[in-house]
Amino acid sequence: MTPLLETRALEAFYGDFQALFGIDFTVGEGETVAIIGSNGAGKSTFLKSITGVLSNKADAIRFKNEPIGSLAANHVVRRGIAMVPEGRRLFPSLSVEENLQMGAMSKRSGHWTLETVYRLFPVLKERRYSPGTALSGGQQQMVAIGRGLMANPDLLLCDEISLGLAPIIIKDIYAAIPSITSEGTTVAVVEQDINQALAVADRVYCFQEGRVSLEGTPDTLTREQISAAYFGL
Amino acid sequence: MDWVNAIVQGIFVGGLYALFATGLSLIFGVMRLVNIAHGDLIILAAFLSLAVVDGLNIHPLVSLVIVVPVMAAFGYALQRGILNFTLGKDILPPLLVTFGLSVIIQNALLETFSADSQRLQAGAIETASIPIGQGLAIGVLPLIIFVTAIVVIGGLQFVFYQTTLGRVFRATSDDAVTARTMGIDKSHVFALAMALALAVVAIAGVLMGIRTNFDPAVGPARLLFAFEAVIMGGLGNLWGTLAGGIILGVAQAIGAQINPGWQILAGHIAFLIVLVIRPNGLFPRIQG
Ligand SMILES: Nc1ncnc2c1ncn2[C@@H]1O[C@H](COP(=O)(O)OP(=O)(O)OP(=O)(O)O)[C@@H](O)[C@H]1O
Ligand SMILES: [Mg+2]
């Protein structure tokens, strides 16, 4: 499989505090990868590094075989990486539709438009003129995913899209993933719910204290291996 | 009748104050920057018009064709070159830098144009008026200014809520980091906002220069009026800013009617009263 994104010895810092210690990570084109790990393991920091919110050495991150580690976030998205951020981070002053339109500001064309996003999440069309933050948690998450898709990314990074949602809603949200990948977008999800991650992913990475503690396919990893890697037992 | 007249005139002056205030309100709304040099930029625009009028021998209103784009370009460069670097968690640097800018503009104007009081000569419209019966008359110039204020605010309102640029302004103001992951360059967006604000400042400066005398030192007083109008109307609400301007204008007119020396004081008192009753202004922005 051709690697779409590769990180080599990726490190991340918040001031003097080092949050990531040499992450080697690969996502192949069309592959769905899940990143699991406990609170503070560095999962969100990793996504922020890839999207350029945190800066890095150019060569630490390669996307479509080009170094992008030193690009600022507004340039990374133009290369084709979009993020559904932790906590959704909808724009409170914007309506649902305006939030979605913001996702298209990188001006990449492709399958995803307002129309196709509304087809994926019909409830959003009904609420298109409501303030994004007036929606239920699950609907807000749909807005955040739709907003990411509006960039027509080759790689969509989703940070804890199930957090704080009822199981039935999580099911709805994850049901959208196949429609996303079938349009040619590779998906990587950060997920604290191990079962959810194993169900959706072709391959799983487990993070622990800023390092990759385990990597493998769901069918080859045992429960014991995963708990050890997850909890550091 | 004198009282009715005073109030009517006050309402029209309020249009000018609203024009002073919209630029300030816009900048604060988009980037949480309090621009201490705002009043001096208004005066700078008036002097720029003066120079253009003298140089090209054109009507001050025609000079807007030059003054508006020049001020807008200056705003873009100012934001990109200096002010963007002052914005951060600490609110002090932008205050200090714009205060410094205020001093620089005043001194530069003093050096270039002297401390003499100036006026933009606009001919007949300065004194023309429309009688509206019972001894009342509305000056054509105040009417032009008031209508301009409504058009400018309506236009900005349209830009903010109906255009892509406005959507980007609001999103960047909400959450610049997330907007950035969507391809938005905050430095550019803020510079565009400053350009837009200084385009409005240009209009305000020229109209002010036709209506009243000005000299390099009167900027801070314009800032104060603008500030009071913005706060009274409620931060981030442009129509509220118009209302704030009108309240300020009317209060000053009433004060002046009681005693000519009380004009400015009455405006400040109205401001304090509004602040005590409604600390968030009369029409605060509805938060989502
Ligand atoms: N803005 C920040 N400033 C300083 N330290 C931070 C910041 N954000 C995260 N950290 C620290 O970096 C480490 C990794 O945090 P990160 O948010 O990446 O973890 P995570 O795996 O996403 O956790 P969670 O599951 O809780 O979202 C933690 O120790 C955290 O305290
Ligand atoms: Mg996280």
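What counts, and at which threshold
- Residues numbered from 1 in each chain as written.
- Chains lettered and ligands numbered in written order.
- Predicted model: local features only at pLDDT ≥ 70, side-chain atom pairs only at ≥ 80, totals over all residues.
- Heavy atoms only, no water.
- Helix = DSSP H or I, 4+ residues; strand = E, 2+ residues; numbered from the N terminus.
- Rg over C-alpha atoms; globule rule 2.2 N^0.38 Å.
- Buried < 20%, exposed > 50% of the residue type's maximum accessible area, 1.4 Å probe, protein only.
- Areas by Shrake-Rupley, 256 points an atom, 1.4 Å probe, with all protein chains shown as cover.
- Near = heavy atom within 4 Å.
- Polar contact = N/O pair within 3.5 Å; in protein donor to acceptor, adjacent residues only side chain to side chain.
- Nonpolar A, V, L, I, M, F, W, Y, C, P; charged D, E, K, R; others polar.
- Axes fitted to C-alpha atoms, helices over the stretch in contact; angles between N-to-C directions.
- Parallel < 35°, antiparallel > 145°, perpendicular 65-115°, else oblique.
- Left-handed = near helix turned anticlockwise from the far one by under 90°.
- Contact = heavy atoms within 4.5 Å.

Q: Any chance you could explain the overall build of chain A here in plain terms?
A: When helices and strands are counted, chain A shows 10 helices and 10 strands. Against the compact-globule benchmark of 17 Å for 233 residues, chain A has a radius of gyration of 17 Å, which places it among compact chains. Expressed as lengths along the three principal axes of its C-alpha atoms, the size of chain A is roughly 45 × 35 × 35 Å. Considering chain A as a whole, with its 233 residues, one finds that 54% of them fall into the buried category. Carbon and sulfur atoms form 51% of the exposed surface of chain A, whose accessible area is close to 9,800 Å².

Q: Sorry if this is basic, but what is going on with the site of ligand 1 here?
A: All names here are of chain A. Neighbouring ligand 1 are 14 residues, the closest being Lys 43, Ser 44, Thr 45, Glu 86 and Gln 192. A distance of 2.8 Å separates an oxygen atom of ligand 1 from a polar backbone atom of Gly 40. Contact distances for ligand 1 include 2.5 Å between an oxygen atom and a side-chain N or O atom of Glu 86. Its free accessible area being 630 Å², ligand 1 has 64% of it covered by the protein chains. Looking at the shell around ligand 1, the elements with two or more residues in it are strand 2 (17-28) and helix 1 (43-50). Class assignment for the residues of the shell around ligand 1 results in four nonpolar, seven polar and three charged.

Q: Would you take a moment to explain the packing of helix 5 (residues 140-162) of chain B against helix 10 (residues 238-258) of chain B for this structure?
A: All names here are of chain B. Where helix 5 meets helix 10, the axes come as close as 9 Å, and the angle between the chain directions of the two elements is 160°. By the angle class used here, helix 5 and helix 10 are roughly antiparallel. Like other packed secondary-structure pairs, helix 5 and helix 10 cross with a definite hand, here right-handed. Contacts between helix 5 and helix 10 involve Phe 146, Ala 149, Ile 150, Ile 153, Gly 154, Leu 156 and Gln 157 from the first element and Leu 238, Trp 239, Leu 242 and Ile 246 from the second. Class assignment for the residues of the contact of helix 5 with helix 10 results in nine nonpolar, two polar and no charged.

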